[in-house]
Number of protein chains: 2
Amino acid sequence: MADKRVYFFGNGEAEGQGNDKALLGGKGAGLAEMTRLGLPVPPGFTITTAVCHSYSKEGGKLPGDLRAEMEVALRKVEGIVGAKFGDAANPLLVSVRSGGAVSMPGMMDTILNLGLSDHSIEGLIARSGDARFAYDSYRRLVAMYGDVVLGMKPESKHAPDPFEVALAKKKRERDVELDNELSAEDLKALVAEFKGLIKTLTPHQFPEDPWEQLLGATQAVFRSWNNPRAQTYRSLNNISEAGGTAVNVQAMVFGNLGLDCATGVAFTRDPSTGQPRFYGEYLINAQGEDVVAGIRTPLPINASGLVADPAQTLEAKMPVVYQQLDQVRKQLESHYKDMQDIEFTIQRGKLYLLQTRTGKRTAQSAVRIATDMVKEGLIDKATAVMRIQPAQLDQLLHPMLDPKANRAVIAKGLPASPGAATGRIVFSAEEAEARGKKGERVILVRVETSPEDISGMHHAVGILTSRGGMTSHAAVVARGMGKPCVVGCGEMVIDYEQRQITARGQRVREADLLTIDGSTGEVMLGEVATVQAGGSAQFDELMTWVDEFRRLQVRTNVDTPADAALARRFGAQGIGLCRTEHMFFEADRILAVREMILADGASGRRAALAKIAPMQRGDFEGIFTAMNGLPVTIRLLDPPLHEFLPHEEEDILAVAQALGRDVEVVRAKNAALAEFNPMLGLRGCRLGLLHPEIYEMQARAILEAACNCDKKGVAVKPEIMIPLVATAEELKRLKEMVDQIAKRVFEEQGRQIPYLVGTMIELPRAAILADQIAEHAEFFSFGTNDLTQMTLGISRDDSARFLPGFVEQGIFAADPFQILDQEGVGTLIRWAVERGRSKKPKLKMGICGEHGGEPSSVAFCHTVGLDYVSCSPYRVPIARLAAAQVALKERK
Amino acid sequence: MADKRVYFFGNGEAEGQGNDKALLGGKGAGLAEMTRLGLPVPPGFTITTAVCHSYSKEGGKLPGDLRAEMEVALRKVEGIVGAKFGDAANPLLVSVRSGGAVSMPGMMDTILNLGLSDHSIEGLIARSGDARFAYDSYRRLVAMYGDVVLGMKPESKHAPDPFEVALAKKKRERDVELDNELSAEDLKALVAEFKGLIKTLTPHQFPEDPWEQLLGATQAVFRSWNNPRAQTYRSLNNISEAGGTAVNVQAMVFGNLGLDCATGVAFTRDPSTGQPRFYGEYLINAQGEDVVAGIRTPLPINASGLVADPAQTLEAKMPVVYQQLDQVRKQLESHYKDMQDIEFTIQRGKLYLLQTRTGKRTAQSAVRIATDMVKEGLIDKATAVMRIQPAQLDQLLHPMLDPKANRAVIAKGLPASPGAATGRIVFSAEEAEARGKKGERVILVRVETSPEDISGMHHAVGILTSRGGMTSHAAVVARGMGKPCVVGCGEMVIDYEQRQITARGQRVREADLLTIDGSTGEVMLGEVATVQAGGSAQFDELMTWVDEFRRLQVRTNVDTPADAALARRFGAQGIGLCRTEHMFFEADRILAVREMILADGASGRRAALAKIAPMQRGDFEGIFTAMNGLPVTIRLLDPPLHEFLPHEEEDILAVAQALGRDVEVVRAKNAALAEFNPMLGLRGCRLGLLHPEIYEMQARAILEAACNCDKKGVAVKPEIMIPLVATAEELKRLKEMVDQIAKRVFEEQGRQIPYLVGTMIELPRAAILADQIAEHAEFFSFGTNDLTQMTLGISRDDSARFLPGFVEQGIFAADPFQILDQEGVGTLIRWAVERGRSKKPKLKMGICGEHGGEPSSVAFCHTVGLDYVSCSPYRVPIARLAAAQVALKERK
């Protein structure tokens, strides 16, 4: 027999269980597990993800014997519910929902009320005693079936859905505003009209046979795995294409049968702050999709929320059910040992659970929940550390609005995803994407968002909606992306036509600057000053656990004492890359730098360098002092000299005048130094070899600064780094030069400072010949930015015209400048580590490219045996966490 | 006991032998071997190269017990000669000469007449009966000793040598012109003056003790191994620095004791043409150095030469000695089985041999000698093939002067090194070097050349001297370099001061264009038309042997049918790289190319491409026809599109007008396409993926051309090559595209042509992930130009400012764009071969960078297991020969 393909659940028994996520999807596994826990779950069955693969592989055909297996399960469901699928008297209705191993909220298709037909409708009317409800359910089924199964859903969301058009027409005819103002007769007529639309617009008819409906819906769910928005979502969220989706077929329960019915979603703890309070929203007399879709703004389930009338809560309206739900909450948390996101429906006073899954949460909330759960004895420290997504920490660490700054608040909505963002207003996802790609900071303002907006949301710095609650699409997605978001800001009127917002009497137009604060829900005009984010006490505690687990050191890439101090507060254990070129651009010395470049020979260059030397020494003293006791790696000058020359005519004139040189000299120098491919030109150690006086000045400034700091009692650990080495000989000569200067400086100063001389490994050749280079190096630092450029033959500055598109199309797995290309560049690094250590087993090695703060790249660095990563200050905690997580994974 | 350090030879016995070159140097080994053969060699001994190493290592100290070993050997020499070193009555005089394993003509120092002192001079006068000769020998010793041992030789050759100044003063006082017009008394006075100069200008005195002289001279020779011109020579000729020199101490014989004395050099065959005739030059009553230094123009040894009065030959003047010498010639050739270069001296009618070594020869001569010797049964074919230096073939293959062209001959000299060269006149080696480095073609014109001129000669395209013979410094060095050279052109008067030449009444100035023909000795005004070189019958025969031995195929890099035909004549077995971008620049289509680039969308581009398509098809038909039966690899468009746009204002206007586009559109496009690092930008397969219509047009043109040729009976083997692949996915998609087009074209044309789709491996990532890429490739072609650029991070276009200097300084072992960087780039190639073949064991692999015609790189390609190399047409025979040689070496 083939593998089991249909897993039944219901009435306290389930064939699957919670850890069958890969096979049953997250939803299916959750339903099975909840059933096993004895929770009130409507019975049903799950068709496995293996069938999804088979469906794709066979070009869109279900296995021939699948129906037989489904029938066995459906019989059991009928037995439990006491109704029969397709029955005229007492029809069983079912929902068909997708569910992959990883949640993709709103991405894929759902069909409700399956089993209704002209044959069974009378039974539903009779059993529910509500013809309006029955026809409403029926017309919804026909429309969903047409849209989802028969492909009538318009490709563009700007094109009208024919069913919506017919519905709107009916409402106009009846002169009513809301759907539920239509009568049973109207809805019955709509059912017929909808069926007519299917017949006219497709080669198909609406199937009266419930099995035809069920199999059609099953196939549609499998097909939806590969719809473009699902693919985009997976690509943005690094979800594997190979997973596939399961199909969940479950007995319908209705939250819209009257005022004793409701539907809602809840989180077992606050997903925004992490506070241990039961947090959720519900709607009386509504279908479940109504809450998530953000069409009506739901009410809080209890009064511990921020707003709302206590009398309107579920706790107040249905106290018994609420207590039951609160019990479920406790049971689920103690079972899953994590915060859960649940969906429930109340049908005529009876609670049903439709879903449980690990709740998405903000960084702040994740940290709070993880540390609280350790204290509650639910999880251990290692588990807590594994619970935080490193990339999410960005939210916690980036600046927040300055509490003292003036805020021109024009509206307030729900604080859906924390953090502050300032950007220019755009009113469509397309616009957000187009302008975001150009590097503009935009705020996407919508009445509500939908899955089609995903890409635009990704390119916006913040999201603002006028409708929808904390669990609306916009809120859920924004939290997942770690983007500031304010939702349900009803006092704001959005006019797409005029491209403007009106709120509290103010009018704001497209492209105006707007600031939103996702932690308070405030919407402000213009830009508002920000301050440094403060980590919470929980965050600090978590980070001490992180440091207990990690092996990898984390340093930082900074060029100034202020940034050095900031990085140190974030836990940096030294500087991995201090670039000296930024110092060359400082206003007080750029003229001397230019004088140096324009000088006619080494002696002229030396004279100009003598002016720069004391300033460089001062720079280094500042940095050494800020990093007292920690190692500081300083890279000698790297960029080609022409980068320091003026290129605009006006600037050329000014420089010539300031230096008393002929303007032609400046022009000629510009021409002489111009390069076809500066990235591959006269830079790095090539400069140091051709014009030794530059590196000599820098080495002397570093070592003199070290001596001066040492005199003041600052503990200095300078590491001098030679860039762009291709041959061992280059490093050998420059190391000799530095060592000679050190000898002289120490003699002059009468003291000895331990220092290291090492090199960047940033050319493929250096990686390949790392054994030769190691003989002259006291450390290696992988410059993965340049190493990526050389290995892939891609100039980062020129890549925008093709690389993002290639990543989207899957030609490149990811942007190699964001996520280290482990197969290509990583192989060179692995090789260089092995070869370098074959000559010097304890050679210190680190990485100082921007990958040093990217979690998967940090994990790679740990695995290949580097000693440290180095990244920008804000990323230091992220790198620390990623380093701890990889060390913990390794233990397993 | 330590290793033996002193090797005696003399009187038919020798402690060393001919294959001790590494230990005894070439000269020492040759002297030992000739002694063993019973040839008349003055006795002496050789101090090994091991002592040279020890001398350097010990910071310039001879081993303490070396003198004792030397004394033992010297006793034997004294016994044979019947004279005593330093003896007052019958002094033994010796020469001290350097001699490394590889000959470095004129590079290092020699001291003659050692053993003379105020004590022994009387003995020499008595024994020679010639006081003038004796004092002349003495004053030469003192001067050489001062210059060489005591460091008085001026560093710049423009600075006066104090001994020369004193000599010139003496001649002025005596009112004579030539040295030999000075009397014994004058020379005696000069000896005293010279000694005074040493005392005044150095802290030393001329040593009267002969052993002090001998040990001083020995040390000076060891020191000279590291003098700068010797280092330059070794670097230019790829001679290892580790070799060291031996020292040869040998009893003096004198060619300047009277008219029954002579000195000369000879080649056992003609070093210029290879003809089997005894070829040499001599001077009566002269010291050996006089012939080589080119100070007097010597006479031919026999009448078979080109010029000269038969009565003046050695054969006529000293018939017995000549017959003896001719016997030696035969004996040496049958012993060494190669052409020998010998030095001899005739002292009072008695022949002495001072040196034998393998003679340097022109390419033409090398081919002739090798093939002749096979026929004579001296060597086998494999040995013949190993005898030709691949790089030398350049001489044979490059164009020669058109016999029908007008020649404004202004002078004629000796045809010292064949081939023709046209360039601008320079009068100093420094100038030649400076302008040659800038890429100018210059002819170096000197009265004579000296070792200091080596670097300048290297940078000149041809060398012309007014003095010196076929074995003068200029002639020997030029032949070694494979550079055209005319020497001894006495009818030409060179005026360094006025920077002009006068010849046959014409005046030619610096920077005027001059052409020299090293095969005829003609010197011509202006540029003379050239024609294709014709290989000789011997060359053709040799190349058939070459092809028997090699495994590696040799293809060519050409873009036109004419070049394809030329390469085929040179033996190319297919095209390894046909670049399509050159075709895009053709006058009849560049406008359409620009129209394509300026088009606003894919459809506009397609319209313009449709105009180019038939022309491209025609290009390919021409090439396929020229290569009938052989494979043709065509690379799809590689360079970034901006390379095809006009950049000068004038051209921009013209293009805008011609295409009816606004000039702003052209400017905007230029700006939009500009790249910071075009080498790492939007080019190669990235273009093909972003604008598929371009590659589609090219693939179609190739395959339609193939069908058209097939119809005409031309056997076509197209290989379509995708450039700049970094990920397997890129190749996969483009291969699918080509395969689809092929399917369509073959359906349209009703025929099937076998074709391959493969890729360049030119990015480090492609080499690293060659296994993944191999899955979609039908061949690999290593693009070592780009692979070198990426691996080393050096833009070839920008490297001129630092790379040549770094090579000179030894920071880079060689220019990696000329000689494949086997350690770095080669490691990637080796890796890619292994990984590629791990997936497809028979995957065809070749190299199409410019290294494909460089002998050491060809050998590497053989060793790593490539199937073919591909190079420019002229280099095809070089590659064939290099491929055969590496295969032969492997057999051993």
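Residues numbered from 1 in each chain as written. Chains lettered and ligands numbered in written order. Predicted model: local features only at pLDDT ≥ 70, side-chain atom pairs only at ≥ 80, totals over all residues. Heavy atoms only, no water.

## Considerations on unusual backbone geometry
All names here are of chain A. Residues other than glycine seldom take positive phi values, yet N11 does so here, at roughly 60°. Topologically, N11 is positioned in the loop between β1 (6-10) and β2 (13-14). Here the phi dihedral of K337 falls at roughly 55°; this positive angle occurs in a residue that is not glycine. (Helix = DSSP H or I, 4+ residues; strand = E, 2+ residues; numbered from the N terminus.)

## Section: the interface of chain B and chain A
Contact residues are listed per partner, giving 46 residues for chain B and 46 residues for chain A. Of the roughly 4,300 Å² buried at the junction of chain B and chain A (both faces included), carbon and sulfur atoms supply 59%. For the interface between chain B and chain A, the tally reads six salt bridges. Of the charged contacts, one joins A:E823 and B:R765 as a salt bridge, the two residues approaching to 3.7 Å between their closest N and O atoms. Taken together, the links from chain B to chain A amount to 24 residue pairs in polar contact (both at pLDDT 80 or more). (Contact = heavy atoms within 4.5 Å. Buried area = accessible area lost by both parts, 1.4 Å probe. Salt bridge = Lys/Arg side-chain N within 4 Å of Asp/Glu carboxyl O. Polar contact = N/O pair within 3.5 Å; in protein donor to acceptor, adjacent residues only side chain to side chain.)

## Comments concerning the environment of A:S365
All names here are of chain A. Looking at the secondary structure, you find S365 in helix α13 (residues 363-375). C-alpha of S365 to C-alpha of P415: the two residues are 50 residues apart in sequence and 13 Å apart in space. Filtering out sequence-adjacent residues up to four positions away, S365 remains in contact with D270, P271, S272, T273 and G274.

## So, the sheet that holds strand β21 (residues 492-495) of chain A
Residues and elements named next belong to chain A. On the basis of which strands lie adjacent, the open sheet formed by three strands has the order β21-β22-β23 and antiparallel pairing. At either margin of the open sheet sits one strand with a lone partner, and together these are β21 and β23 (506-509). The mean inter-strand angle of the sheet, taken between neighbouring strand axes irrespective of direction, is 20°. Bridge analysis of strand β22 (residues 500-503) against β23 gives four bridges, and the strand direction is antiparallel. Considered in β23, the bridge of Q500 is made with R509. (Pairing = 2+ DSSP bridges. Axes fitted to C-alpha atoms, helices over the stretch in contact; angles between N-to-C directions.)

## Regarding the packing of aromatic side chains
Tallied over the entire structure, the rule returns 27 aromatic pairs over all chains. Note on B:Y145 and B:F206: the rings are 5.6 Å apart at their centroids and 85° apart in plane angle, and the pair reads as edge-to-face. Pair noted here: B:Y145 is in helix α5 (residues 131-149) and B:F206 is in the loop between α7 (184-201) and α8 (210-224), with a separation of 61 residues, a long-range link. A single burial state applies to B:Y145 and to B:F206, both of which are buried. Joined through ring pairs, the aromatic side chains of A:Y138, A:Y145 and A:F206 make up one cluster. One Lys or Arg, B:K4, reaches over the ring of B:Y7 and ends 5.3 Å from the middle of that ring. (Phe/Tyr/Trp six-rings, centres within 6.5 Å; stacked < 30°, edge-to-face > 60°. Buried < 20%, exposed > 50% of the residue type's maximum accessible area, 1.4 Å probe, protein only. Lys NZ or Arg CZ within 6 Å of the ring centre and 35° of its normal.)

## So, the relation of the copies chain B and chain A
Structural alignment of chain B on chain A gives an RMSD of 0.2 Å, achieved by rotating through 180° and translating 0.2 Å along the axis. On this basis, the relationship between the two copies can be described by a two-fold rotation axis. Interface overlap between copies: 100% of the residues of chain B at the interface are likewise at the interface in chain A, consistent with a symmetric, same-surface contact. (Least-squares fit on C-alpha atoms with pLDDT ≥ 70 in both.)

## Quick look at the sheet that holds strand β12 (residues 340-347) of chain B
Residue and element names in this part refer to chain B. Ordered in space as β11-β10-β9-β12-β13, the five strands form an open sheet in which the pairing is antiparallel. A single partner strand is all that each edge strand has here, and the edge strands are β11 (299-300) and β13 (350-358). As judged from the eight bridges shared by β12 and β13, these two strands associate in the antiparallel manner. From the neighbouring strand, Q340 faces β13, where its bridge partner is T358. The sheet strands contacting helix α12 (residues 319-336) are β12 and β13, and the helix crosses β13 at an angle near 30°.

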